[in-house]
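Below, each chain spelled out in residue letters.
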Amino acid sequence: MGATTNRPALTGEYDVVVVGAGAAGMYMLHRLRGIGLRTIVFEAADGVGGTWYWNRYPGARCDVTSVEYSFSFSKELEQEWNWSELMASQPEIEAYMNYVADKFDLRRDIVLSTRVTSAAWDESSDTWRVETDQGDSISARFCVMATGCLSVPLRPDYPGIDDFKGVSVQTSLWPKEGVDLNGKRVAVIGTGSSAIQAIPEIAKVASQLIVFQRTPAYTWPAQNRPITPEEMAEIKAHYDELRERQRNSPLGIVGRFGGALLEPPTQNILDLTEEERLAALEEYGFGVTRIFADVPTNMEANEIARKLYGMHLRKIVKDPRKAEALTPTDYPLGCKRPVIDSGYFETFNLPHVDIVNLRKEPIVAITERGIRTSEKEYEFDVIVYATGFDAMTGALLNINPRGRRGRTLQQKWANGPRNYLGLMTVGFPNMFTITGPGSPSVLSNMLVSIEQHVDWITDCLAYMTSKGLATIEPTQEAEDAWVEEVNNVAQGTMYVAPSCNSWYLGVNVPGKVRQFMPYIGGLDRYRQRCDEVAANGYEGFELRGSPVPA
Ligand code: NA7
């Protein structure tokens, strides 16, 4: 059980139970109310916002421009809210999520500080029975998993991890009251997006910062800056056009307002001479890796771009030992989610900031005083774990819903996730996942993908209600075909290169099946497909009016 909430346990019957009150759960609640369905939302945190509630580490901010990473469903909301920067920081996005919760009066149906512990399909009544760590036991006809893609923190299982006498903290569980880093000796373990955002900020206040890196990251300057009031007014005048373009783009990102992604590149790096490549490097810096069409698709081109990237890095990081440690060498550009940063490499020029290459000097144990590697013991006051998440499937498999005939999701997905359109999985009627595996999800602007899924689910439930239908479940054929399509579109891309070890593939979690989880075919194509399926009377789904025969 989590912390007790001192409220009576809930036992009611609902139309829909939503798990999670991040952006997905909140918008889902809003839409379901709109079609008159009695909905309850359970949220483990004591506030709304999901990712933007939990990730409070110094430097946490969105890597998509905020004007685009925001809800489009309310014109009033768009006109009321002002973003202060191109890419807003965590406090501002959390404030936005709270503003949305208040504006649409969402809180009265959100039960906070309550973690769903089980969900089981009852075949006799066609309902989901959902239990929580606060003793609630409710039933609902539909269950929507808005549990997030990066919501289950991973912490390494180093020997002695609990022995450390200083402060241990995880970026994704950063305490609300903050962590005093002033004048402290700080270790950061990990060099993914979270660490790369946190490191420059921690370096500003710590007396010493040592970064423990397993894999060097590719990261690009964020070029973040404030948005002027004039720009915000201009954006507000053109929201409709922006949203339309977002919805019809492969990533849900247009990049018109300061982003770097305007038009897709057409020139190939392989067509350039060495001199021309160096001239491009001179002009674009790290951006050189993003201006050629063949870099993401042709591994020879990718390798050339990788070398240019390393050359630029060595210009910035003055100490050759640090530069060598920070240079990615053995996996393709773009196979992991690109990181964007504000002064990451420059931070390593500070005398009190150093890096330990764990490939040469692995961590052997955490001790009372700090970190022991194969070479020596380092003493710290604070150890920051920036070690990532059990992505995309972790939260779903932790709840481990029990579907028809008592079969669990862990059993069904033992060899990797399988579903239809990333929305529903055979054997689990009336259970939807928002931005789950098999959908564009983390390969897109999450807010655009969330809205697309929520809108589709809302339309589906409205359709079922209007027709008096009780259950919906994909057919086995539709699921098999979709799984094949998800795999096929990823084939041959850098995402599945044998040298790629990303959380998209699940390989960051010991024992997890290596499978590329998101759908890479593009949000625009995916949206069209989902719309066609709905227009064709929910093609590939079986809809029934009465309990499924045993
Ligand atoms: P990531 O991107 O999964 O990064 C986690 C980092 O932690 C990465 O550098 C890992 O190295 C490292 N890691 C993980 N486990 C260990 C152990 N046991 N020892 C040493 N280092 C370890 O998570 P983030 O939170 O940074 O970012 C997640 C997403 O949030 C990001 O993509 C954005 O979408 C926002 P590895 O590369 O696995 O060798």
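My aim in this report is to walk through the structure given alongside it, one point at a time. Not measured: the values here are computed from a predicted model.

**As for the state of the cysteines**
Formally, a disulfide is one covalent bond, and it connects the sulfur atom of one cysteine to the sulfur atom of another.
Phase 1: Enumeration over the complete set of coordinates arrives at 1 disulfide.
Phase 2: Here C335 connects covalently by a disulfide to C500, the sulfurs 2.1 Å from one another. Here the S-S torsion is close to 95 degrees, and the disulfide linking C335 with C500 is therefore right-handed. Here C500 lies in the loop between α15 (476–490) and α16 (523–535) and C335 lies in the loop between α10 (320–326) and β11 (339–341), a separation of 165 residues in the sequence. Across the pair, C500 and C335 agree in class, each one buried.
Phase 3: Its sulfur unpaired, C143 is 14 Å from the next cysteine sulfur, which belongs to C460.
Phase 4: Free of any disulfide, C149 has its nearest cysteine sulfur in C62, 14 Å distant.
Phase 5: C149 gets classed as buried once you look at its relative accessible area, which sits at 5%.

**Observations regarding the pattern of salt bridges**
Phase 1: This model, assessed by the stated rule, comprises 37 salt bridges.
Phase 2: Residues D105 and R108 are paired through a salt bridge, measuring 2.7 Å at the closest nitrogen-oxygen approach.
Phase 3: Its relative accessible area of 39% is what places D105 among the partly exposed residues.
Phase 4: Here R108 falls in the exposed class, since its relative accessible area comes to 57%.
Phase 5: Across the pair K412 and E479 runs a salt bridge, and its minimum N-O distance is 2.6 Å. Of the two residues, K412 is situated in helix α13 (residues 409–412) and E479 in helix α15; the sequence distance between them amounts to 67 residues.
Phase 6: Judged by relative accessible area, which is 11%, K412 ranks as buried.
Phase 7: In this structure, a network of salt bridges that share partners links the residues R185, R369, E377, E379 and D381.

**Some thoughts on the site of the ligand**
Phase 1: For the ligand, the set of nearby residues contains 19 residues, the closest of which are Y158, S194, T215, K336 and R337.
Phase 2: Residue S193 places a main-chain N or O atom 2.9 Å away from an oxygen atom belonging to the ligand.
Phase 3: Here W503 contributes a side-chain N or O atom positioned 3.3 Å from an oxygen atom of the ligand.
Phase 4: Out of a free accessible area of 780 Å², the ligand has 85% covered by protein chains.
Phase 5: Counted by class, the shell around the ligand contains 8 nonpolar, 8 polar and 3 charged residues.

Conventions and cut-offs
Residues numbered from 1 in each chain as written. Predicted model: local features only at pLDDT ≥ 70, side-chain atom pairs only at ≥ 80, totals over all residues. Heavy atoms only, no water. Disulfide = S-S within 2.5 Å. Helix = DSSP H or I, 4+ residues; strand = E, 2+ residues; numbered from the N terminus. Buried < 20%, exposed > 50% of the residue type's maximum accessible area, 1.4 Å probe, protein only. Salt bridge = Lys/Arg side-chain N within 4 Å of Asp/Glu carboxyl O. Near = heavy atom within 4 Å. Polar contact = N/O pair within 3.5 Å; in protein donor to acceptor, adjacent residues only side chain to side chain. Areas by Shrake-Rupley, 256 points an atom, 1.4 Å probe, with all protein chains shown as cover. Nonpolar A, V, L, I, M, F, W, Y, C, P; charged D, E, K, R; others polar.

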